[in-house]
Amino acid sequence: MEGKVRISADSTCDLSRELIAAHNIAIAPLYISMNGRSYRDGVDITPDDLFENVARGGKTASTSAVNVEDYRQLFGAMRAQCEGIVHFTISSEMSACYQNACLAASEMENVFVVDSRNLSTGIGHLVLDAAGMAGRGCGAEEIFRAMEAKKARLDVSFVVDTLDYLRLGGRCSALAALGANLLSLKPCIEVREGVMGVGKKYRGRLEHCLSKYVADRLANPDEIDDSRLFITDSGVSDGLYQAVRAEVDRHMAFREVLHTRAGCTISNHCGPNCLGLLFYKKDKG
């Protein structure tokens with residue numbers, strides 16, 4: 001046996017190739033449809049491909065869930081090399097991935113599926129913690145129950161530079177997008193109870209908005225778990241990232257800060273220059 005328990009996740013976890021390799025995580029790619037062709041997220045297509053298509057006047061792509069057969073093949077191959085699996089999906093409110101993964105898992109023993117109720121590196125936090133438990137020899141059901149309890153503590157948000165992609169994807173009206181762009185509004189999108197909603201709206205240049213966003217998200221450090229922070233973006237300049245990182249360090253000292261790039265599924269909806277802070281709140285129990 002390769003290991004007692006293996007960890008897997010949908011491509012929406014947005015972990016870097018280095019983190020995926022270091023923790024031996026298996027990835028189930030979602031599907032991206034663009035210009036009549038279907039691609040696998042992070043395998044056959046990149047976020048920059050999506051942005052270039054829109055810049056040339058093309059439509060935004062559409063996304064679809066990992067199908068049951070894909071999960072069946074992934075879990076089957078993994079179970080041949082381990083005693084148990086814990087798999088993480090994007091929120092069941094956003095995709096059929098969880099339902100499909102559960103159908104495939106029901107055909108096998110000791111395969112557990114966690115509905116993250118989240119997206120991007122909100123899922124990534126859970127995946128890394130699960131991998132840590134697996135490395136310490138914990139069983140699949142033990143890991144599953146621990147992550148089910150921990151997911152409610154996630155604080156996930158991001159600032160969108162433009163509403164054009166949400167508009168093109170049918171998630172925002174043309175009038176709302178026009179108004180936001182004319183007013184230079186940068187809305188903060190928050191994930192709560194498994195769905196995305198609009199939080200505070202910032203106004204002005206992106207760097208100025210992100211500075212205020214960081215200050216707002218880290219305003220109560222005593223309530224924040226300082227173990228790990230993800231700064232995840234859909235493609236920003238190094239200078240802008242460094243400015244955000246400096247602002248983070250000014251407000252709070254995290255023991256680990258990981259910078260990752262969002263994959264196609266997330267980038268397709270938020271567009272370029274989107275950036276978020278993702279962390280845990282402290283356990284109040």
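Residues numbered from 1 in each chain as written. Predicted model: local features only at pLDDT ≥ 70, side-chain atom pairs only at ≥ 80, totals over all residues. Heavy atoms only, no water.

Topic: unusual backbone geometry
Now for step 1: One non-glycine residue with positive phi stands out, namely Asn 110, at about 60 degrees.
Now for step 2: Take Asn 110: it is sitting in the loop between helix 4 (97-105) and strand 7 (111-115).
Now for step 3: Non-glycine residue Arg 117 carries a positive phi angle of around 60 degrees.
Now for step 4: If you trace the backbone, Arg 117 turns up in the loop between strand 7 and helix 5 (121-135).
Now for step 5: A residue is classified by how much of its surface remains accessible, and Arg 117, at 24% relative accessible area, is partly exposed. (Helix = DSSP H or I, 4+ residues; strand = E, 2+ residues; numbered from the N terminus. Buried < 20%, exposed > 50% of the residue type's maximum accessible area, 1.4 Å probe, protein only.)

Brief notes about the side chain of Asn 53
Now for step 1: In this structure, Asn 53 sits in helix 2 (residues 47-55).
Now for step 2: You can call Asn 53 buried: its relative accessible area is 4%.
Now for step 3: Excluding anything up to four places from it in sequence, Asn 53 contacts Met 34, Asn 35, Gly 58 and Lys 59. (Contact = heavy atoms within 4.5 Å.)

Thoughts on the confidence of the model for the protein
Now for step 1: On average, the protein scores 91 in pLDDT, and the residues at 70 or more come to 91%.
Now for step 2: Considering only residues more than four positions removed or in separate chains, one finds that residues 169-180, a stretch of pLDDT under 50, has 15 contacts. (pLDDT = per-residue confidence, 0-100.)

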